[in-house]
2 protein chains.
Amino acid sequence: MPVTINDVAKEAGVSITTVSRVINGNYPVKKETREKVEAAIKKLNFQPNPIARSLVSRKTNSIGIVVPSITNMYFTEVVDGIEKYARDHGYDIFLNITHGNHKNEQVAVNKFIERYVDGIIVVDPQTENILSGFYNDVVGEIPVVFVNGYHENIDLSFVISSEEKGFTAALKHLYKKGHKNIIFVRGDSSYSYDIKEKIYKEFVKSIGSKEVVISVNAGNSIEVVENTKNALIKFSKDIKIGLDYTALIACNDLMATGALNACHELGIKVPNEFSIIGFDNIVLSQMTSPKLSTVDQNMRKLGEKSAELLLNYIEKGYEVDKVLVETKLILRESCK
Amino acid sequence: MPVTINDVAKEAGVSITTVSRVINGNYPVKKETREKVEAAIKKLNFQPNPIARSLVSRKTNSIGIVVPSITNMYFTEVVDGIEKYARDHGYDIFLNITHGNHKNEQVAVNKFIERYVDGIIVVDPQTENILSGFYNDVVGEIPVVFVNGYHENIDLSFVISSEEKGFTAALKHLYKKGHKNIIFVRGDSSYSYDIKEKIYKEFVKSIGSKEVVISVNAGNSIEVVENTKNALIKFSKDIKIGLDYTALIACNDLMATGALNACHELGIKVPNEFSIIGFDNIVLSQMTSPKLSTVDQNMRKLGEKSAELLLNYIEKGYEVDKVLVETKLILRESCK
DNA sequence: GTGAAAGCGCTAACAG
DNA sequence: CTGTTAGCGCTTTCAC
């Protein structure tokens, strides 16, 4: 049986109120009394029961993270950033993995609310939950911060990476290096792929080149590597990769890795004959050979910022913000 | 203000005791009474406050996971397995990342105990915490299950993958395929590397071959890929890789990937001239070109099993178990 | 079958 | 400065 505030009070010869006061330091306590109490606390090794505390204070010092997947290196770094920031600030974190299912996401959020977590971070929320108004009700009950995902004209708080900027920078870099015909690789459905495709098409048009969009199945799962490889190999039968087209830009590093593998198999030298640039800067991009040039989304910062924002809401009240996290072009070995 | 059991009692015209009974179904309640109460619960959309519940029941329906890292694909899959099993069985999970620091690990465990989680899973515990007796005190307070890590003659509950068997199988496979001179790659310090080295040396001796152990800095971080690559390239100056030595076995897939990258750079064809076999079967092993042959540790199952064990302890009482999870040789493209 | 009342461990008026 | 008391929302004796 753990020691309670009562035991401490008895040991110190004071009331439990006094003990409570020295624990919380929110009311004046005479120095000698405090010392007596502190001695008792130490002697008995007393830890206030957070459950009892929460019951009256209506604060649990915990936050919930809802994330589509954790085997995906992208999300993993975001979670890492959140965890560190939150823990450093005295919050424990609950984790719920939705596997990209929008119903699961709702269930997860509702369960966190029932648990009385102090706030929730949803990483890459399902677009339909954003659009359906599900979250508009939720934020009435509890502060929520979203990391990336669909956010156009949405009255909710987001931490977003400036993908447009980063993607444009990557494209411009390729162009500056003399690449005129650039292949674009995207997954089947995602807000972020749509944005990038739009930018790509406009860019290609602006330089008077022709567009080649390769769309592969899945987008963020392991399979996308293989899918991209196969798609590119198939594509290479019609068009001379390395001659007609000298560069490729992918919506994420998984796809870029798949493209790299295709070149490997086709005997195309990267970067000498063909340049590849990815997106995200997941750890994988440093493990390939050659190492991938990519656009750093700074996922860890994305996580930290969202946690920072959430803790602010918890402590000072909710409001709607959009925080932009800068992306950064990382030049490694896969393009020249 | 959320609706409480009082509101329901009032609405249904019964006492809160009765409401509590229909919620928990632990005492007989007349059918019509129950229906009245259920109607009220539904009407008011009542959710029992888990904090209040925990305070009296001394059960939080939550477990804590302590893990060294989450950007490491290996741990990530373990956590995934735990999360799924626990959630499917009504438990929420707290996550704490220690970054491989044994002090952090202790703090994490203690914080979970203070939070009154119902049980704790420690993935790859720090050997010094195991040996120092830290955990022997802990299990007196709360059930704990460990996933892998040092466990020889340790009186604690472990879920362990049969690394010895898997590693031996990989070695035998290589030998059967005609490889006599096999290079071994390990990281600097880890119980699991030591075990593998021992097996390797015995095996090499048994087939009358000579041993080559390459030890690289770090073991489970991103850098190990690069470190292994460099080590192998350096090594290749003295000994003809692909001629004198035709195969390599690594302690994990990160190192195997590094070796693969080295071959790539050295112009050595894998698997035609040189065979590589990894360990773990992290997702990365399917993303390389050629895809890595490896030993599947079945990390997801490791996670699930540990959760299963823990929930059993929570519900039926703690005892000491050692559960072995089988490994499996996965032949893909990197060896022949 | 049902309800009154005590209490889980703590905080926060309210008195003094 | 310090103590008494009333809860927070729920479960669980103990009576009836």
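Chain A goes by Transcriptional regulator of the lacI family in an unreviewed UniProt entry, where it is assigned to Thermobrachium celere DSM 8682.

Engineer: Which residues make up the relation of the copies chain B and chain A, and what values do they have?
Structural biologist: When chain B is fitted to chain A, the best match, at an RMSD of 0.1 Å, comes from turning it 180° and sliding it 0.0 Å along the axis. Taken together, the rotation and translation describe the operation of a two-fold axis. The rotation axis passes nearest to the C-alpha of B:F94 in chain B, at a distance of 2.2 Å.

Engineer: Break down the pattern of salt bridges for me, with residues and values.
Structural biologist: Residue and element names in this part refer to chain A. If you walk through the whole model with that rule in mind, you get 39 salt bridges over all chains. Between R300 and D80 there is a salt bridge, and its shortest N-O distance comes to 2.7 Å. Here R300, found in helix α13 (residues 299-316), pairs with D80, found in helix α5 (residues 73-88); they are 220 residues apart in sequence, far enough to count as distant. A relative accessible area of 6% means that D80 is categorised as buried.

Engineer: Account for the sheet that holds strand β3 (residues 119-123) of chain A, naming residues and giving values.
Structural biologist: The 12 strands lie next to each other as β11(A)-β5(A)-β4(A)-β3(A)-β1(A)-β2(A)-β2(B)-β1(B)-β3(B)-β4(B)-β5(B)-β11(B), forming an open sheet whose pairing is mixed. The sheet is open, and its two edges are formed by β11 (322-325) of chain A together with β11 (322-325) of chain B, each paired on a single side. Sheet twist, expressed as the mean angle between neighbouring strand axes with direction ignored, is 25°. Helix α6 (residues 102-114) of chain A rests against β1 (62-67), β2 (92-97) and β3 of chain A together with β2 (92-97) of chain B of the sheet, and its axis sits at about 175° to β1(A). Helix-sheet contacts for α13(A) involve β1, β3, β4 (144-147), β5 (158-161) and β11 of chain A, and the interaxial angle to β4(A) is about 165°.

Engineer: Go over the pairing of strand β8 (residues 247-250) of chain A, please, and point to the residues and values.
Structural biologist: Residues and elements named next belong to chain A. Neither face of β8 is exposed, since A247 and I249 on one face and L248 and A250 on the opposite face are all buried. Across four bridges, strand β6 (residues 182-187) lies against β8 in parallel orientation. Paired with I182 across the two strands is A247, which belongs to β8. In terms of handedness, the path from β8 via helix α12 (residues 253-266) over to strand β9 (residues 275-277) forms a crossover that is right-handed.

Engineer: Kindly report on the protein's contact with DNA strand C, identifying the contributing residues and their values.
Structural biologist: Contacts to DNA strand C come from 28 residues, most closely from A:I5, B:T18, B:R21, B:T33 and B:R58. Interatomic distance of 2.8 Å between a backbone N/O atom of A:N49 and a phosphate oxygen of DNA strand C. Contributions of two or more residues to the surface near DNA strand C are made by α2 (16-24) and α4 (50-57) of chain A together with α2 (16-24) and α4 (50-57) of chain B. Tallying contributions element by element places α2(A) first for the surface near DNA strand C, with five residues. Taken together, the residues of the surface near DNA strand C break down into 12 nonpolar, 11 polar and five charged.

Engineer: Residues and numbers for the UniProt feature "domain: HTH lacI-type" (unreviewed entry) in chain A, please.
Structural biologist: Residues annotated by UniProt as "domain: HTH lacI-type" (unreviewed entry) correspond here to residues 3-57 of chain A. Taken end to end, residues 3-57 of chain A is 71% helix and 0% strand, and its first and last C-alpha atoms sit 20 Å apart.

Engineer: Summarise the interface of chain B and chain A; cite the residues concerned and give the values.
Structural biologist: Each partner contributes to the interface: chain B provides 50 residues, whereas chain A provides 50 residues. For the chain B and chain A pair, buried surface summed over both sides reaches about 4,900 Å², with 60% attributable to carbon and sulfur atoms. On the chain B side of the interface with chain A, the three residues burying the most area are B:I51, B:R115 and B:M287, jointly 14% of the side's total. Remark: the boundary between chain B and chain A carries six salt bridges. A salt bridge links B:E226 to A:K291, with the nearest nitrogen and oxygen atoms 2.9 Å apart. Counting across the interface, chain B meets chain A through 26 residue pairs in polar contact (both at pLDDT 80 or more). Where the side of chain B that touches chain A is concerned, the elements lending two or more residues are α4, α5 (73-88), β2, α6 (102-114), α11 (223-235) and α12 (253-266) of chain B. Of the strand pairs in this sheet, β2(A) and β2(B) are connected by three bridges, and their pairing is antiparallel. Of the residues in β2(B), the one forming a bridge with A:L95 is B:I93.

Engineer: Describe the side chain of A:S285, listing the residues and the values that go with them.
Structural biologist: All names here are of chain A. By secondary structure assignment, the location of S285 is in the loop between β9 and β10 (294-296). Among the residues examined, S285 registers a relative accessible area of 0% and is labelled buried. A distance of 3.2 Å separates polar atoms of two side chains, one belonging to S285 and the other to N281. If near-sequence neighbours (up to four positions away) are discounted, S285 is found in contact with D253, K291, L292, T294 and R332.

Engineer: Tell me about unusual backbone geometry, and please be specific about residues and values.
Structural biologist: The phi angle of most residues is negative, glycine excepted, and most peptide bonds adopt the trans form. With an omega dihedral of 10°, the bond running from B:V270 to B:P271 counts as a cis peptide bond. Assignment of secondary structure puts B:P271 in the loop between α12 and β9 (275-277). Here the amide bond leading from B:S289 into B:P290 is cis, since omega sits at 0°, within 30 degrees of zero. As for its position among the elements, B:P290 is in the loop between β9 and β10 (294-296). Even without being glycine, A:D124 reaches a positive phi, approximately 50°. Among the secondary structure elements, A:D124 is positioned in the loop between β3 and α7 (127-131).

Engineer: Summarise the pairing of β1(A); cite the residues concerned and give the values.
Structural biologist: Residues and elements named next belong to chain A. Here β1 lies mainly inside the structure; six of its six residues are buried. Here β1 shows a buried face lined by S62, G64 and V66 and a second buried face lined by I63, I65 and V67. In this structure, β1 lies alongside β2, joined through six bridges in parallel fashion. Directly across from I63, in β2, lies its bridge partner I93.

Definitions and cut-offs
- Residues numbered from 1 in each chain as written.
- Chains lettered and ligands numbered in written order.
- Predicted model: local features only at pLDDT ≥ 70, side-chain atom pairs only at ≥ 80, totals over all residues.
- Heavy atoms only, no water.
- Least-squares fit on C-alpha atoms with pLDDT ≥ 70 in both.
- Salt bridge = Lys/Arg side-chain N within 4 Å of Asp/Glu carboxyl O.
- Helix = DSSP H or I, 4+ residues; strand = E, 2+ residues; numbered from the N terminus.
- Buried < 20%, exposed > 50% of the residue type's maximum accessible area, 1.4 Å probe, protein only.
- Pairing = 2+ DSSP bridges.
- Axes fitted to C-alpha atoms, helices over the stretch in contact; angles between N-to-C directions.
- Contact = heavy atoms within 4.5 Å.
- Right-handed = clockwise from strand over helix to strand, strands pointing away.
- Near = heavy atom within 4 Å.
- Polar contact = N/O pair within 3.5 Å; in protein donor to acceptor, adjacent residues only side chain to side chain.
- Nonpolar A, V, L, I, M, F, W, Y, C, P; charged D, E, K, R; others polar.
- UniProt positions renumbered as here; feature names shortened; annotations may be inferred.
- Buried area = accessible area lost by both parts, 1.4 Å probe.

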